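Spelled out from the first residue to the last, the chains are:
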Amino acid sequence: DISSILRGNVKFPFSLSSKERKNLIFGDIRERLFSVFTKDLIDISSIIDLGGCYGGFISLLAKSLPNKSYTLLDLGENIPLAAYYIVKVLKGFKINVVNSKSDVINQEPKIINLIPAHYFQNISKLNFDLFCNYVSLGEMSRFQFTEYINSELYQKSKYKHIVNRFVSSPYY
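All figures in this text were calculated on a predicted structure; none of them were measured in a lab. By convention here, each chain's residues receive numbers from 1 onward along its written sequence. Reporting in this predicted model follows two pLDDT cut-offs: at least 70 for local features of residues, and 80 or more for side-chain atom pairs to be given and counted; totals over whole chains, interfaces and linings ignore these cut-offs and use all residues. Derived side-chain values reflect all non-hydrogen atoms in the structure, with water molecules and hydrogen atoms excluded from consideration.

S.K.: Even after reading the chapter, I still don't get helix α4 (residues 79-89), so can you show me in this structure?
M.R.: Three or more residues of α4 are buried, namely Ile79, Ala82, Ala83 and Ile86. The buried residues of α4 occupy an angular sector of 100° when projected down its axis, which confines them to one face. Across from the buried face of α4, at angles greater than 90 degrees, the exposed residues are Pro80, Tyr84 and Lys88. It only takes one pair of heavy atoms within 4.5 Å for two residues to be counted as in contact. Strands are runs of DSSP state E lasting at least 2 residues, helices are runs of H or I lasting at least 4, and numbering of each runs from the N terminus. Residues of α4 that are buried in the fold lie against α3 (56-64), β2 (69-74), β3 (94-97) and β4 (111-116). Buried, partly exposed and exposed residues are distinguished by accessible area as a fraction of the type maximum, computed with a 1.4 Å probe on protein chains only: under 20%, between the cut-offs, and over 50%, respectively. The arc in question is the one spanned by the directions pointing from the helix axis to the C-beta atoms.

Below is the structure:
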């Protein structure tokens, strides 16, 4: 059971590399997403990952569901890392990096939009079928948390898949 492994209840005869641990974690999150939304994934065309860091989860999803539009929103310093990683692991996708308020977000299939968090207003009124967040909602200030949760983007998302540790959740 993956949760036993992640809690450290199962001892390995070898140690896992950080890449292997990330693959276990993202793979488990992806499998949980698929188990919850199995029939609905067909109808989902646009996915946003708020706090997507280097693009690990988006890349894993895009490999499994290639004919979707993906958007990753994270701190500006993570966007170059995400662009580099995604280009290395995904073939056949176009990367659209938002560098200014006037840049266009493209929600066509096989597009991955990379957006620095300070340009959130560029997308706050867009519609996404699936809103994903893993951990980062619990790591941000109350102002940021409230801005995201009260946004039209979040409110109008057809589906939400949010996984945050209780110990990191905001205590407001």
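S.K.: Can you help me understand the environment of lysine 101 in this one?
M.R.: Assignment of secondary structure puts lysine 101 in the loop between β3 and β4. Along the sequence, lysine 101 and histidine 118 sit 17 residues apart, while their C-alpha atoms lie 9.5 Å from each other. Beyond its immediate stretch of four places on either side in the chain, lysine 101 contacts Tyr119 and Asn122.

S.K.: Hey, could you run me through unusual backbone geometry in this one?
M.R.: Most peptide bonds take the trans configuration, and most residues that are not glycine carry a negative phi. One non-glycine residue, cysteine 53, adopts positive backbone phi at about 50°. Considering the arrangement of structural elements, one finds cysteine 53 in the loop between β1 (46-50) and α3. On the accessibility criterion, cysteine 53 (30% relative accessible area) is partly exposed. Even without a glycine there, the phi angle at lysine 110 is positive, about 65°. Summarising the element assignment, lysine 110 is placed in the loop between β3 and β4. Judged by its relative accessible area of 29%, lysine 110 falls in the partly exposed class.

S.K.: Please clarify how the sheet that holds strand β5 (residues 130-134) should be interpreted in this entry.
M.R.: Pairing between sheet strands relies on hydrogen bonds along the backbone, with the strands arranged either parallel or antiparallel. Paired strands, as defined in this entry, are two strands with at least two bridges between them according to DSSP. Reading across the sheet, the 6 strands line up as β3-β4-β2-β1-β5-β6 and stay open at both edges, with parallel pairing between neighbours. Either end of the sheet is taken by a strand with one partner, and the two such strands are β3 and β6 (159-163). Sheet twist, expressed as the mean angle between neighbouring strand axes with direction ignored, is 15°. As defined by bridge partners, β1 adjoins β5 across 4 bridges and the pair is classed as parallel. Looking at β5, one finds that isoleucine 48 is bridged to phenylalanine 131. On top of the sheet, α4 reaches β2, β3 and β4; it is set at about 165° to β4, its chief contact. Lines fitted to the C-alpha atoms define the axes, with helices restricted to the stretch that makes contact. Angles between their N-to-C directions range from 0 to 180 degrees.

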